[in-house]
Amino acid sequence: MLLTTVALLAPLLLIGALGVVSARSRHFRQALNPLNEFVFRITLPCYLFTVIVKPDS
């Protein structure tokens, strides 16, 4: 059960870690607002939906 939980949360945590790293980089400063909007309005809800709706195999 723990392995299943980690497997479901690992991509989400990886995306969060990449976000923190890119936020600290000066190369992405001007792209942060559109990128945040895309992630919070489209990508994250789609990921959570697929994780919740996915039938057990």
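Here is what the cut-offs are and how they apply
Residues numbered from 1 in each chain as written. Predicted model: local features only at pLDDT ≥ 70, side-chain atom pairs only at ≥ 80, totals over all residues. Heavy atoms only, no water. Helix = DSSP H or I, 4+ residues; strand = E, 2+ residues; numbered from the N terminus. Rg over C-alpha atoms; globule rule 2.2 N^0.38 Å. Buried < 20%, exposed > 50% of the residue type's maximum accessible area, 1.4 Å probe, protein only. Patch = residues over 30% accessible without salt bridge, like charges linked within 9 Å, V, L, I, M, F, W, Y side chains within 5 Å. Areas by Shrake-Rupley, 256 points an atom, 1.4 Å probe, with all protein chains shown as cover. Salt bridge = Lys/Arg side-chain N within 4 Å of Asp/Glu carboxyl O. Expected span 1.5 Å × (residues − 1). Bend = angle between axes of the 7 residues up to and from the residue. Axes fitted to C-alpha atoms, helices over the stretch in contact; angles between N-to-C directions. Parallel < 35°, antiparallel > 145°, perpendicular 65-115°, else oblique. Contact = heavy atoms within 4.5 Å. Nonpolar A, V, L, I, M, F, W, Y, C, P; charged D, E, K, R; others polar.

Participant: Give a description of the overall build of the chain that names residues and reports values.
Facilitator: Regarding its fold elements, the chain presents 2 helices and 0 strands. Whereas a compact globule of 57 residues would reach a radius of gyration of roughly 10 Å, the chain reaches 14 Å, over 25% beyond that. With the principal axes as the frame, the chain shows a C-alpha extent of 45 × 20 × 10 Å. Here the chain holds 57 residues, and 4% of them are scored as buried.

Participant: Quick one: what's the story with a nonpolar patch on the surface, residue by residue and with numbers?
Facilitator: Where nonpolar side chains cluster on the molecular surface, the patch consists of Leu-48, Phe-49, Ile-52 and Val-53 and spans about 430 Å² of accessible area. Mapped onto the secondary structure, Leu-48 falls in helix α2 (residues 32-53).

Participant: Describe helix α1 (residues 2-24), naming the residues involved and giving the relevant values.
Facilitator: Its 23 residues give α1 an end-to-end C-alpha distance of 32 Å, which sits within 8% of 33 Å, the value for a rise of 1.5 Å per residue. Maximum bend of α1: about 35 degrees, positioned at Leu-9, with proline Pro-11 one to four residues after it.

Participant: Could you give an account of the environment of Ser-22, with specific residues and numbers?
Facilitator: Structurally, Ser-22 can be placed in helix α1. Separated by 10 residues in sequence, Ser-22 and Leu-32 place their C-alpha atoms 8.4 Å apart.

Participant: Lay out α2 with the relevant residues and their values.
Facilitator: The terminal C-alpha atoms of α2, which comprises 22 residues, lie 30 Å apart, in line with the 32 Å expected from a rise of 1.5 Å per residue. Of all the bends in α2, the greatest, near 40 degrees, is centred on Val-39.

Participant: With reference to specific residues and values, describe the packing of α1 against α2.
Facilitator: Relative to each other, α1 and α2 sit at 175 degrees, their axes nearing to 11 Å. Taken as axis vectors, α1 and α2 run roughly antiparallel relative to one another. From α1, Leu-8, Leu-9, Pro-11, Leu-12 and Ala-23 reach across to α2, where they touch Leu-32, Leu-44, Tyr-47 and Val-51. Classifying every residue of the contact of α1 with α2 gives 9 nonpolar, no polar and no charged.

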